[in-house]
There are 6 protein chains.
Amino acid sequence: MDHSDPDTNPAQNMQREIDAIVAELRHIRDTSLEHRQRRNRPPKLPSRKALIRIVEGLSAALFPNRLGPPGLNEAGIDYFVGHTLDVALRELCDQIVRELRFISEQDNGEKDASLEQRAWQLAKDFAGELPAIRELLDSDIRAAFEGDPAARSADEVLVCYPGITAITHHRIAHVLHRLGVPLTARIISEIAHSATGIDIHPGAAIAERFFIDHGTGVVIGETTIIGKNVRLYQAVTLGAKRFDVADDGQLVKGNARHPIVEDDVVIYAGATILGRITIGKGSTIGGNVWLTRSTAPGSTVTQGTH
Amino acid sequence: MDHSDPDTNPAQNMQREIDAIVAELRHIRDTSLEHRQRRNRPPKLPSRKALIRIVEGLSAALFPNRLGPPGLNEAGIDYFVGHTLDVALRELCDQIVRELRFISEQDNGEKDASLEQRAWQLAKDFAGELPAIRELLDSDIRAAFEGDPAARSADEVLVCYPGITAITHHRIAHVLHRLGVPLTARIISEIAHSATGIDIHPGAAIAERFFIDHGTGVVIGETTIIGKNVRLYQAVTLGAKRFDVADDGQLVKGNARHPIVEDDVVIYAGATILGRITIGKGSTIGGNVWLTRSTAPGSTVTQGTH
Amino acid sequence: MDHSDPDTNPAQNMQREIDAIVAELRHIRDTSLEHRQRRNRPPKLPSRKALIRIVEGLSAALFPNRLGPPGLNEAGIDYFVGHTLDVALRELCDQIVRELRFISEQDNGEKDASLEQRAWQLAKDFAGELPAIRELLDSDIRAAFEGDPAARSADEVLVCYPGITAITHHRIAHVLHRLGVPLTARIISEIAHSATGIDIHPGAAIAERFFIDHGTGVVIGETTIIGKNVRLYQAVTLGAKRFDVADDGQLVKGNARHPIVEDDVVIYAGATILGRITIGKGSTIGGNVWLTRSTAPGSTVTQGTH
Amino acid sequence: MDHSDPDTNPAQNMQREIDAIVAELRHIRDTSLEHRQRRNRPPKLPSRKALIRIVEGLSAALFPNRLGPPGLNEAGIDYFVGHTLDVALRELCDQIVRELRFISEQDNGEKDASLEQRAWQLAKDFAGELPAIRELLDSDIRAAFEGDPAARSADEVLVCYPGITAITHHRIAHVLHRLGVPLTARIISEIAHSATGIDIHPGAAIAERFFIDHGTGVVIGETTIIGKNVRLYQAVTLGAKRFDVADDGQLVKGNARHPIVEDDVVIYAGATILGRITIGKGSTIGGNVWLTRSTAPGSTVTQGTH
Amino acid sequence: MDHSDPDTNPAQNMQREIDAIVAELRHIRDTSLEHRQRRNRPPKLPSRKALIRIVEGLSAALFPNRLGPPGLNEAGIDYFVGHTLDVALRELCDQIVRELRFISEQDNGEKDASLEQRAWQLAKDFAGELPAIRELLDSDIRAAFEGDPAARSADEVLVCYPGITAITHHRIAHVLHRLGVPLTARIISEIAHSATGIDIHPGAAIAERFFIDHGTGVVIGETTIIGKNVRLYQAVTLGAKRFDVADDGQLVKGNARHPIVEDDVVIYAGATILGRITIGKGSTIGGNVWLTRSTAPGSTVTQGTH
Amino acid sequence: MDHSDPDTNPAQNMQREIDAIVAELRHIRDTSLEHRQRRNRPPKLPSRKALIRIVEGLSAALFPNRLGPPGLNEAGIDYFVGHTLDVALRELCDQIVRELRFISEQDNGEKDASLEQRAWQLAKDFAGELPAIRELLDSDIRAAFEGDPAARSADEVLVCYPGITAITHHRIAHVLHRLGVPLTARIISEIAHSATGIDIHPGAAIAERFFIDHGTGVVIGETTIIGKNVRLYQAVTLGAKRFDVADDGQLVKGNARHPIVEDDVVIYAGATILGRITIGKGSTIGGNVWLTRSTAPGSTVTQGTH
């Protein structure tokens, strides 16, 4: 074969193309934001794939009879729980080290040994919360079971309902957020978001017996506070009232800007509730309602009533 | 290394932590709802992972040229279809046994042999519906192809459109729901919900030539009845009118509570249609419409018109 | 075991059932639309699974430090980028051949050798756009980082935000759409749609610094044009105004029917913007707004203001 | 394409060919030995793949620090050992059920429930031998370490030496053979045979501190008895003296027909020792020696000396 | 970090090292024998991994009840056999194309379309031999079962005995060798050699009821002819008498140079039989015998007798 | 179910059994040789599975056209080689760190940072030898091709011949042995031993154009020296003469105790050559010969001649 006419040999052209692209991409990396912040071997961020495995492991340890392997019986259940926790916590510890190192490098360069020590402590503190997480999830499952006429058993709720998937990830992520590993927490939230269409920021504080039905399109913001026994339907937004921007075009950061939803509230599909307002205990918010003012306890708000 | 100061050895601490958590979790399991209902080796629920495989197998058997393996040709196509069905139906039978055993244990404790016999019969009855399912899906694909100016071929619709993914899962799940394995059916629906954001309850009765475009956020309730040639866009809800709660706070169960949508109706994005109302043949419901009353055949309903 | 009474032997019955179904399905295939269009070994469509791998490969080549394998260092980074591109582009080329052959068979039956030549050229042209894609994505990440008070670093945005997943797939798909492989492009868009709930048609033209927050339920139509520095929230629709149907019930195809969104526009959650209208530079569209008319630059549109 | 001339369309021919072969193979199965012994769904034999997994699990439980997963530490080691044993013993139990059912069907058709009960008991009895197996293997590793000048540590011996792989499989298989599941035992022996070229029948009784160096081609027969501290090299045969056939051409079965090797014997490469003879304590058998008579304790036998 | 002193930065050095090695290896490839024979994209040889899969598929199709998947029953067995054959034969056809193209390129450059046609014909011819292969293997299994007092059932022989693994591969490879794809045949033989230590050249002609016990180290040369009902033990060589080299140091090729073993012969472990000699019907060759002369029918040859 | 009679509930018994075994195994570990040498988290040994991957990677980098992935072409070959080397060398470096740490812990406890530095240097030194390894392997392949009348091409030799698999592993292992990581080297040798039955100690020095035919049972000892153009057949042993033991029963270690084989020697199947003797240039050693004395150049040794 004669290679003298490159125009008729696309494979040959491809070689030159790849060489050129590799060089261009290197140049872009060298001059981009990504590169400026670090040197040589950049710290890895926590891995989404690892966190998927970790949440699966923790879920199986929390509900071994339902989410553990088939065939598990009394002889092996505690060994399974202990071993699964051990593996998941070690993997979680590795991810926490990644986040601490990532933050540290941007700051003052803490030593690795110290980071690992700190990560172990965080993983241990997290582990200590697992029984409480299990009890909260039990209450969420009961709420779904009692609140949905279609549910035949608590087991069915656990394996079927996207709302339970979302709240399981949230309760894990929320503890990690509180302990000071917000990026790890956020990736866990986004895993649930991708699987369910339910987007709960890890910072949101949610009490027991929480139930989201259907769920696609639900958004719950960072500083939201939700009381006991609250029920939400699909496409509900608990958001910030974004129109209050500062003069320089920057949104003010970190302040309490999302709703407080008190105990026993029901919010129907498509309702949009914005700003640091309070939905009083026992209120019912109708579908598609747009709400930016607080409501008294026991209110019923529907389209046209506000 | 000296282990005498546990506070400086997080790995050592972790061991005590895990021992404690394993014990606490066991205690919670022993006292929780989960445990009370059963003894020793709890029956497994149908497995989501297995049902994903089963639906993939059934889909490949229904559309071997499009969804089967590459390289398949006339010599092997019927062997492929027969073998793939055989495997998928045996796996389905195992999942049905799990559901029957789960229900049975809660009730009167039917013998396993009898359950397996019943599961085989159900799998056989389901199998007998597959040709009808294929014909319905053909009509759905044609409706999408004819109704979407962007579609270039029926094949493209089959492999690309999330609405087709959702209706394929639904048509399979609906037959299973009707045959009496609602949990298996529900898990199949949730598989499609997670992949597409389209949430169709397996109980919904949907006639031929059904098409959902875009689809994210669509919710179709359990007792919905949909006629021929109906088209839906994203974020449409066909739901129950939830405000009619009983005095004791319990929702009434099992009654017909979702809309009837007659033939040739189009419902645009974001419309919310609630309660056992009837959308008359050939009606058009505009985007974001909130509708809780029946419409006459041929109606056009838009924001502000009702 | 006595096989004389088939009614009591479901496994035996199953055999006859499968034989019958295989025959019925063959009959349906033989008479269906699917079969009529082709002969013998039907051309395969581009494979969703292969395209998932390809986009992962391209993403890792574009952002090797963030999305490449752990442990990568300066010694190996260009080899990794070059090899990953080489593999991804060859796989992409195979998928393009499938699309070209599929179209060709419906038309005039172009020779395979010629199709492969054309596919190589298309893959090469696509490859040449990768540096530009990387620069656009850098601008998108910066926009997200600057526009979201919760974002702590550009890296976090890249690995966490579903809006970045969606725009990465879109920028790849858009180039392929423009080069003439719309089906391959569409499947890539649907991969992102399934993972994020964000549905961007590959035809949409989107300038730099584009950011979608939360994102579930966003739909952006084929002929949409979006300027620089535009921000969208969840459930925003940039769609066609569907009520303008022709007398024969067919929608007119291919014409410009989706909005033009000029630079520096913000559109809040749930807004629905329909038809070939123009949202003027610097406008703000409030949540849940329903908009079918153009707005002047600098407008603020909220519920009740239009 | 015109299909009228089948001779020029091999893919078409292939279809007829496969149909014919399927029918012929069915006919052969129907008339073969394989089929005559059973009805309908034939019992499965123990699975080689499952037994590979089981032996790996048991090995990791026996030597968790060396053969367990990386990262294991004190916090998790007992959970790992317990969980790994639990899984391996349940899988082993399933394989034992297969063997018992296979034998039972050939005999009198014992009930399945009874078989499972028996299998659990056998698995439990086997499990009780694991500590003794570990201690024997420790002695074998020490013998290899002390007997081979090239070995630098006991750990190295454990992970490197094919002789240790072979004896680990043998010590497990021998217990199973003794407990009455000879087929399961045999498959385990053949797994080691395939990996190492060392063929030890599970029936052979081998005392502590046994070491085989290099090992390829070693054959040790069913009724062989080997004392403490014996060392073998490659291609040694401890076999039956096959020339003593009965008049009817059948070999007599089950009688003691392989050598007894007393304590502290060394047998060099290629030696062939046949028949129920005794190699006296402390003897040395030279390379390639052919030996069919007993030797006194302390003998040295080389080529030409016997 | 300061990179000015490369000697203290091994990772940096590694980069230069890899660049240099890549260039050196390219230079060696360009000048080596490997490169000289071909141009641009070199033809792939048949793939060992693919052939492992193919032989597993063919084995499962030949013995579906024993080597097929668990759970297979009458309803699905012919679909399984047909589908498995279809897949295995198409994969085999691809491997045959590779071999034909590899040979063709070295010769006159036959067209690809013609090669594929030829490969289909060869695969079809091979497929036609499968029933005969199954019958031969049945006879081999019976011979092992009858000849080994330790064998309890034919099923056990099939799943356990390395001699059966070796002869199964050989009977498949021998047909392919005869049909003219010797490299594909050879790779199949080497797969068995690696798994069992038994090395049978695909050219050897072996009649029914052939049994090898233990087997490690057996070598059977290309032009060997073996009659019915022959039994071999480990480390038997049926080889060429290599001392008859030609004057130029080249061995003469292709001539009949290995033994003829007539019906009903038994050859014990370690016997070496060299050259085109004939072992007469019913002879017994003792262990470790070195034999280069023909023996009369009914002979018994032991060490010292020849 | 009543658990009061444990004897009738084997699953219940199993739990107590596992608890007891876990405790017993812990006790054995605590008192065994394995445990005494280390504290807390024991250093991992190099991993066999990782080394299998590493040798596959190195082999593909050495012979990319033959052993690399299908579809590789000129555009991508250097990127493939560079990337594959980069990955394999980093993995190799990790394994070397394990070996260095393992040795270090037994000795004086060198710092980890220093170990990693040393490992990088060793990996770099190893990498520098790869071109020489490729050239040696080219010579080995040529020798096999020229020496075996059955070989049709060098490519066939590379993919088919177990002797080439063995020498490829050896040439890699020998460099590592020489560089001071003998355990890593040994594991690589044992990988080849298991796959081919050929056992070459990594310490053996083997010059170019080395060929082993058939190979099962070949053993080549640590201090063996083999000249150019040497050919071996199956079951050849180049071993130590073991009878020269010291008074205390310990074998003397590290001294030259295996044969020197000069250029152009052929050794036929089953020959056993023991001790530090020299086989003179151009000698031929016949099958099954037992040889413990040196031979003059050009000798021919057969059974009975010595």
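These figures come from a predicted structure and were not determined experimentally.

Student: Break down the pattern of salt bridges for me, with residues and values.
Tutor: All names here are of chain E. Under the criterion given, the structure shown has 78 salt bridges over all chains. A salt bridge links E222 to R257; its shortest N-O distance comes to 3.3 Å. Taken together, the positions of E222 in the loop between β4 (219–220) and β5 (225–226) and R257 in the loop between β7 (237–239) and β8 (260–261) put the pair 35 residues apart, joining distant regions of the chain. Using a relative accessible area of 21% as the deciding quantity, one classes E222 as partly exposed.

Student: Hey, could you go over the interface of chain F and chain C for me, with residue numbers and the actual values?
Tutor: Contacts between the two partners involve 14 residues from chain F and, on the opposite side, 14 residues from chain C. Between chain F and chain C, a total of about 1000 Å² is buried, with carbon and sulfur atoms accounting for 61% of that surface. Considering only the side of chain F, the residues that lose the most area to chain C are Y79, H83 and R90 of chain F, jointly responsible for 47% of the buried surface there. In this assembly, chain F and chain C are joined by zero salt bridges. Linking chain F with chain C are one residue pair in polar contact (both at pLDDT 80 or more), by the criterion used here.

Student: Could you give an account of helix α6 (residues 112–128) of chain D, naming the residues involved and the relevant values?
Tutor: With 17 residues, α6 of chain D ought to run about 24 Å at 1.5 Å a step, and its terminal C-alpha atoms sit 24 Å apart, in line with that. When we look at burial in α6 of chain D, the residues that qualify are L115, A119, W120, L122, A123, K124, F126 and A127 of chain D.

Student: I'd like a rundown of the relation of the copies chain F and chain C, residues and numbers included.
Tutor: Screw-axis analysis of chain F against chain C gives a translation of 0.0 Å along the axis, an RMSD of 0.1 Å, and a rotation angle of 180°. These values place the two chain copies in the arrangement generated by a two-fold rotation axis. For chain F, the residue whose C-alpha comes nearest the rotation axis is Y79 of chain F, separated from it by 2.4 Å. Of all interface residues in chain F, 100% are interface residues in chain C too; the two copies therefore contact each other through one and the same surface.

Student: A description of the relation of the copies chain A and chain B should follow, citing residues and the corresponding values.
Tutor: Between the two copies, chain A and chain B, the superposition gives an RMSD of 0.0 Å; the rotation angle is 120° and the shift along the axis is 0.1 Å. Within this description, the copies of the chain are treated as partners about a three-fold rotation axis. Each copy contacts the other with its own distinct surface, as only 5% of the interface residues of chain A are interface residues in chain B too.

Student: Lay out the sheet that holds strand β11 (residues 278–279) of chain E with the relevant residues and their values.
Tutor: Residues and elements named next belong to chain E. Strand order across the open sheet formed by four strands is β2-β5-β8-β11, with parallel pairing between neighbours. With partners counted over all chains shown, the strands left at the sheet margins are β2 (205–206) and β11, one partner each. In this sheet, β5 lies alongside β2 in parallel orientation, the contact comprising two bridges. Bridge pairing in β5 links A205 to I225.

Student: Tell me about the environment of N73 of chain B, and name the residues and values.
Tutor: Relative to the helices and strands, N73 of chain B is located in the loop between α4 (64–67) and α5 (77–106). Sequence separation of N73 of chain B and V218 of chain B is 145 residues, and the distance between their C-alpha atoms is 38 Å.

Student: How would you summarise the interface of chain A and chain B if you had to cite specific residues and measurements?
Tutor: Facing 60 residues of chain A, the contacting portion of chain B comprises 50 residues. Inspection of the region where chain A meets chain B yields three salt bridges. The salt bridge involving R26 of chain B is made with D78 of chain A; its shortest N-O contact spans 2.6 Å. Taken together, the links from chain A to chain B amount to eight residue pairs in polar contact (both at pLDDT 80 or more). Counting residues per element, the ones that place at least two in the side of chain A that touches chain B are α3 (48–62), α4 (64–67), α5 (77–106), α6 (112–128), α7 (130–147), α8 (154–160) and α10 (182–196) of chain A. A per-element tally of the side of chain A that touches chain B places α7 of chain A first, with eight residues. Considering only residue class, the side of chain A that touches chain B consists of 26 nonpolar, 20 polar and 14 charged.

Student: So what's going on with the sheet that holds strand β11 (residues 278–279) of chain A? Residues and values would help.
Tutor: Residue and element names in this part refer to chain A. Spatially, four strands are ordered β2-β5-β8-β11 in an open sheet, and the strand pairing comes out parallel. The open sheet has two free edges, formed respectively by β2 (205–206) and β11, since each of these has just one partner strand. Sheet analysis places strand β8 (residues 260–261) next to β11, joined by two bridges and oriented parallel. When the bridges of β11 are listed, I260 appears paired with T278.

Student: If you had to explain unusual backbone geometry to someone new, which residues and values would you point to?
Tutor: Phi is positive for N288 of chain B, close to 65°, though the residue is something other than glycine. Within the element layout of this structure, N288 of chain B appears in the loop between β12 (284–285) and β13 (290–291). Judged by its relative accessible area of 19%, N288 of chain B is buried. Of note in the backbone geometry, A235 of chain C takes a positive phi value of approximately 65° without being a glycine.

Student: Which residues make up the confidence of the model for chain A, and what values do they have?
Tutor: Residue and element names in this part refer to chain A. The share of residues in chain A with pLDDT of 70 or more is 85%, and the mean pLDDT across the chain is 87. The low-confidence segment residues 35–40, where pLDDT is below 50, has 14 contacts with residues more than four positions distant or belonging to other chains. Among the prediction metrics, the complex's ipTM stands at 0.89, with pTM recorded as 0.92.

Student: Lay out the packing of helix α3 (residues 48–62) of chain B against helix α10 (residues 182–196) of chain B with the relevant residues and their values.
Tutor: Two quantities define a packed helix pair, namely the angle between the axes and the distance from one axis to the other. Residue and element names in this part refer to chain B. Taken N-terminus to C-terminus, the directions of α3 and α10 make an angle of 75°; their axes are 10 Å apart at the nearest point. With respect to each other, α3 and α10 are oriented roughly perpendicular. Two secondary-structure elements touch here, α3 through R48, L51, I52 and V55 and α10 through T184, I187, I188, E190, I191 and S194.

Student: If you had to explain the side chain of E17 of chain D to someone new, which residues and values would you point to?
Tutor: Its place among the elements puts E17 of chain D in helix α1 (residues 10–31). Every residue in contact with E17 of chain D, bar those within four places of it in the chain, is listed here: K124, A127 and G128 of chain E.

Student: Outline the domain arrangement of chain A, listing residues and values.
Tutor: In many analyses, interface size is given as the accessible surface area lost on bringing the parts together. All names here are of chain A. You can read the domains of chain A as domain 1 (42–198) and domain 2 (204–306). Computed from C-alpha coordinates alone, the two centres of domain 1 and domain 2 are separated by 26 Å. Between domain 1 and domain 2, the contact holds 20 residues from the first and 17 residues from the second. Interface of domain 1 and domain 2: buried area, both sides summed, is about 1300 Å²; carbon and sulfur atoms make up 56% of it. When the buried area of domain 1 at its contact with domain 2 is split by residue, A143, H170 and I198 rank highest and sum to 27% of it. In this assembly, domain 1 and domain 2 are joined by one salt bridge. The closest approach of N and O atoms between R209 and E146, which form a salt bridge, is 3.2 Å. On inspection of domain 1 and its partner domain 2, the count reaches nine residue pairs in polar contact (both at pLDDT 80 or more). Secondary-structure elements contributing two or more residues to the side of domain 1 that touches domain 2 are α7 and α9 (162–179).

Student: Report on the packing of aromatic side chains, specifying residues and quantitative values.
Tutor: In this structure the tally under the stated criterion is twelve aromatic pairs over all chains. Centre to centre, the rings of Y233 of chain B and Y268 of chain B are 5.1 Å apart; their planes meet at 15°, and the pair counts as stacked. Residue Y233 of chain B is found in the loop between β6 (231–232) and β7 (237–239), and its partner Y268 of chain B is found in the loop between β9 (266–267) and β10 (272–274); the two are separated by 35 residues along the sequence. The same class applies to Y233 of chain B and to Y268 of chain B, which are both buried. Aromatic side chains Y161 of chain E and F211 of chain E sit 6.2 Å apart centroid to centroid with 35° between the ring planes, which places their arrangement in the tilted category. Within this pair, whereas Y161 of chain E is found in the loop between α8 (154–160) and α9 (162–179), its partner F211 of chain E is found in strand β3 (residues 211–212), the two being separated by 50 residues in sequence.

Calculation rules
Residues numbered from 1 in each chain as written. Chains lettered and ligands numbered in written order. Predicted model: local features only at pLDDT ≥ 70, side-chain atom pairs only at ≥ 80, totals over all residues. Heavy atoms only, no water. Salt bridge = Lys/Arg side-chain N within 4 Å of Asp/Glu carboxyl O. Helix = DSSP H or I, 4+ residues; strand = E, 2+ residues; numbered from the N terminus. Buried < 20%, exposed > 50% of the residue type's maximum accessible area, 1.4 Å probe, protein only. Contact = heavy atoms within 4.5 Å. Buried area = accessible area lost by both parts, 1.4 Å probe. Polar contact = N/O pair within 3.5 Å; in protein donor to acceptor, adjacent residues only side chain to side chain. Expected span 1.5 Å × (residues − 1). Least-squares fit on C-alpha atoms with pLDDT ≥ 70 in both. Pairing = 2+ DSSP bridges. Nonpolar A, V, L, I, M, F, W, Y, C, P; charged D, E, K, R; others polar. pLDDT = per-residue confidence, 0-100. Axes fitted to C-alpha atoms, helices over the stretch in contact; angles between N-to-C directions. Parallel < 35°, antiparallel > 145°, perpendicular 65-115°, else oblique. Domains from an automatic or database assignment. Phe/Tyr/Trp six-rings, centres within 6.5 Å; stacked < 30°, edge-to-face > 60°.

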